[in-house]
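Chain and residue survey
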Amino acid sequence: MVDMNALSELLQRGKAKDVKEMTQQAVDEGISVQTILDDGLLSGMNVIGVKFKNNEIFVPEVLIAARAMNAGMEVIKPLLIDNNIESRGVVVIGTVKGDLHDIGKNLVGMMMRGKGLTVIDLGTDVAPQTFIESAISNKADIIACSALLTTTMKEMGNVVKAVKDARLDESVKVMIGGAPVTESFKDMIQADAYSSDAASAAEIALQLCRKVS
Amino acid sequence: MTGKERVFRTFEGELTDSLPWVPFTGVHAGKLLDYDAKEVSTDADKIVAAALEVNRLYKPDGQPVMFDLQIEAEVLGCELLWSEDSPPTVKTHPLAQENEIPTYIPKRSDGRIATHLKAIETLKPLIGDTTALYGICCGPFTLASHLRGTDIFMDMILDEEYVHSLLTYTNEVAKAVASYLIESGIDVVAVVDPLISQISPSHFNQFMSSPFSDLFSHIREQKAKSSFFVCGNATMNIEPMCNTRPDGISVDENVSLAEAKKITDRYEITLGGNIPLTTVMLLGSQPDNMKTVVDLLDTVSHKHLIVSPGCDMPYDTPIENTIAVEHAVHETESARSMVKNYEKTETEFTGTLPDYEHLERPLVEVFTLDSTTCAACTYMLAAAQDAVSSIKESVDLVEYPYTTMENIGRCRKMGVTKLPSIYINGKIAFSSVIPAREELVKRIREVM
C-alpha cells in the first residue's frame, strides 16, 4: 500500500518522475483520489510552503517541488473531474501592467495550487481589464496582483477600481503582493488582502475563498 | 575630509568625521532636472548633468553614475521594456529555449556600456577628486537569469553543469565590464545581484562562491574597491557572501542591518544600507526619514558602515526626503534634536505671522533644515539672496532654520512640510528644487 507520507516526502524532494509513478500506484491500489490529493500532494506542498516562509528552503527547491506536484496532478486530474471533486476556489493571478517580473507571482501561484485552488495565470504586464475579463469568464473568487516596482504598484489601485466599476466587488476579492507593497498600501488602494510572502498568500487566498463561497 | 576620503577610509576600517553617505540615485537623478528615466539611461550628457545635480543637492560621499542592471543583458541580446519612471526591464531571454553557452564578451564600445563609460569619463574630472564614483556591474547570477529566464532556478537542480558553465561565462562578462569601469575612473565597482537572496546558502556555495570570489579578486588586482549589492531577504547568505571577499556588502531593508553587521564585522567587510525605500524614502515625510536614519545609526557600530538607501531609489522619491537623509547622516545630532522637537506635539507658534495681505514690500521666507549644514538649504537660501539682491526695489528676505522651537512652531502654523522651501508673501513658491534666479525673480515680481 502506498504510504501518503512517502508520496509527500518525494514531492518535497522534487522527484517528479517518482511522484508520478507513486501517484499512479496509489490510484491503482484504489486509494481515494481525495486522499491522494490531500494527504500526499497538497500535504507535501504545504510543508514546502512552511519551509519557504521560514527561510529553510529557497526558490529552486520550491520550483522543483511544484514541478513534482504537477506530475502527480496530471495523474489524478481526470479522476478529480470524474469524482466531482471541486476546486477549493478560483484565483486569477498576474503581474500588473508595465511590470514583467514573474518570480514572485509564479511562487504565489504554485503555493495556491498547493492549497487546492485553481489558478489561472495571466502572466506579466496584465491590464486591469484583462484581470476583469478573466475573472468573469473563470468565475474567479480572487484576483491576485503582483508588482515588483514602486512605479507599477500603482496599477494595483486601477485593478481595484476596475473590479468596483464592473460591480464584481461583492464576488471577487483583490489580493496584492510584491517587494514594494505593504499593508498600508493595501489600505490606501482599498484592496482586500495583502501578503508579504507566498505561503501566507496561499493561506489567505484559501480563507478568502471560504468566505466568498 | 572629502567624501571620497570618507568612503575609502571607511573601507579601511577607520572612523571618519561623519559616516559616509551613498545615495543610490539611478533614474531618480533624472527627476532633479526633469529628465525621464529613459533619458538618464541612454543619453550620456543627461546622465552627467543629473549626476552633477545629485552631487550638488544631496552632498554624497559616493554616488553611482548609473544604476541599471540591464546594460549588459541588452548588449547580449535581451530585449528591454522601457519606462518613463523606472529603469528598463528585461523582456526576452535569448537562452530560454536552448542550453547554449554564449562566447561573446562585450566591448567598451557596445551599446549602453559605451554610454555609461562616457558619462564616467566626463564626470571623473568634475567630481571624481572629492566623490567616490560607484560603477554598477550586473552580477553573474542575475545576468545569467536575464539570459536564461527563471528556468535558471530549476537548472540549479536539474542541470548543474549547465549552470556552472553559464555562470563561468557571465562572470567573464562581469570581469570585462568591471575592468572597463575601473579604466574609465570608477572607484568602487558595485556588483549588483539581487537574485542572490532567492537561493540557499548551500546553492550559493555550490554555484556562486567561485565566480564571485574570482570577480572580487579581479577588481582587487586593479586597485579598485568592490561592493556586493543584494536585494531581498539575503540574511542567510551574508556569511557566504563575506567569504567571496568583497570590500563591502550592501543590503536592503529586508535584512536586519544590526544582525548583518555582526557577521560583516567579523570579516572586516564594510556594510552599506538600508533605509527603507518605499515606506520611508518614497512615502514617508522628512521627519520620518531623519528619524529612520538616526534610529538606524543607533543600532549598529559605525566602523565599516556606509549609509545608503536599501536599493536603487524610486524615480519619484521626494527630493526633500533625500535631503533629510543626507542631513541626518552628516549632522546626526542636529537631526536627532529636530526629530525630538517634531515629535513634541505641544509645540505651538506663539508669535505673530506677518499680515501677508498687507505687506509694504515683497516678503521672501526661506524655510530650511539649517542652511549652515544642509547643502540643499544653503543653495536655496543663496538662490533667494541672489534673486533679492538682483532686484532694485526693496524686498524682505528671512530664513527660518528648523533648529529652534519658535521656527518649528512657525513651520507648523504655516503648513510647511517640505524643507527647504521658499514662500513669497506667505504662499509656497518653491520646495526642495532650487529655482533659477530668473524664475525666482519673476515670482517675486508677480507680487510687487
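Here's what I pulled together on the structure shown here.

Comments concerning the interface of chain B and chain A
Listed per partner, the contact involves 22 residues of chain B and 18 residues of chain A. Sorting the residues of the side of chain B that touches chain A by element identifies helix 8 (151–158) and helix 13 (277–282) of chain B as the ones contributing at least two each. Looking at the side of chain B that touches chain A, the element that brings in the most residues is helix 8 of chain B, giving 4 residues. Classifying every residue of the side of chain B that touches chain A by side-chain character gives 10 nonpolar, 10 polar and 2 charged.

A closer look at the sheet that holds strand 13 (residues 427–431) of chain B
For sheets, the rule is that strands pair by backbone hydrogen bonds, running either parallel or antiparallel. Residues and elements named next belong to chain B. A sheet is described by the order of its strands in space; here 4 strands give the open sequence 11-10-12-13, paired in mixed fashion. Strands at the two margins of the open sheet, each flanked by one partner only, are strand 11 (396–401) and strand 13. Between one strand and the next, the sheet's axes are offset by a mean angle of 25°, whatever the strand orientation. Strand direction decides the pairing type here: strand 10 (residues 363–368) and strand 11, joined by 6 bridges, are parallel. In the strand pairing of strand 11, Thr 368 is matched with Pro 401. On top of the sheet, helix 17 (residues 375–390) reaches strand 10, strand 11 and strand 12 (421–424); it is set at about 170° to strand 10, its chief contact.

Digging into the sheet that holds strand 5 (residues 188–192) of chain B
Residues and elements named next belong to chain B. Ordered by their spatial adjacency, 7 strands build an open sheet running 1-4-5-6-7-8-9, and the pairing between neighbours is parallel. Each end of this open sheet is capped by a strand with a single partner; those strands are strand 1 (62–64) and strand 9 (305–309). Pairs of neighbouring strands in the sheet enclose a mean axial angle of 25°, with direction left out of account. Pairing between strand 7 (residues 248–250) and strand 8 (residues 270–275): 3 bridges, direction parallel. When the bridges of strand 8 are listed, Ser 250 appears paired with Gly 272. On the sheet, helix 9 (residues 160–184) packs against strand 4 (132–138) and strand 5 and is oriented at approximately 160° with respect to strand 4.

Concerning the nonpolar core
Counting residues in each nonpolar core, the largest one holds 220 residues, and the members touching the most others are Val91(A), Ile143(A), Ala205(A) and Val189(B). Aside from chain neighbours lying at most four places away, what touches Val189(B) is Gly135(B), Cys137(B), Ala178(B), Leu181(B), Ile182(B), Ile219(B), Ala224(B) and Ser226(B).

The rules we used
Counting restarts for each chain: residues are numbered from 1 in the order of the written sequence. For this description, chains carry letters from A and ligands carry numbers from 1, given in the order in which they are written. Per-residue local features are limited, in this predicted model, to residues with pLDDT of at least 70; the limit for side-chain atom pairs, both in listing and counting, is 80 or more; totals at the level of whole chains, interfaces and linings are taken over all residues. By the convention adopted here, residues make contact when the C-beta atoms placed from their backbones lie within 7 Å. Helix numbers and strand numbers start at the N terminus; a helix is a DSSP run of H or I with at least 4 residues, a strand a run of E with at least 2. Residue classes follow a fixed rule: Ala, Val, Leu, Ile, Met, Phe, Trp, Tyr, Cys and Pro count as nonpolar, while Asp, Glu, Lys and Arg count as charged, and any other residue, Gly among them, counts as polar. The rule for pairing is simple: two strands pair if DSSP sees at least two bridges between them. Orientation is described by lines fitted to C-alpha atoms, with helices fitted over the stretch in contact, and by angles between N-to-C directions that extend from 0 to 180 degrees. When buried Ala, Val, Leu, Ile, Met, Phe, Trp, Tyr and Cys residues are joined through C-beta atoms within 7 Å, the set is termed a nonpolar core. Three classes are used. A residue is buried when 20 or more other C-beta atoms lie within 10 Å of its own, exposed when 12 or fewer do, and partly exposed in between, with C-beta atoms placed from the backbone.

Read these as spatial facts, not as claims about activity.
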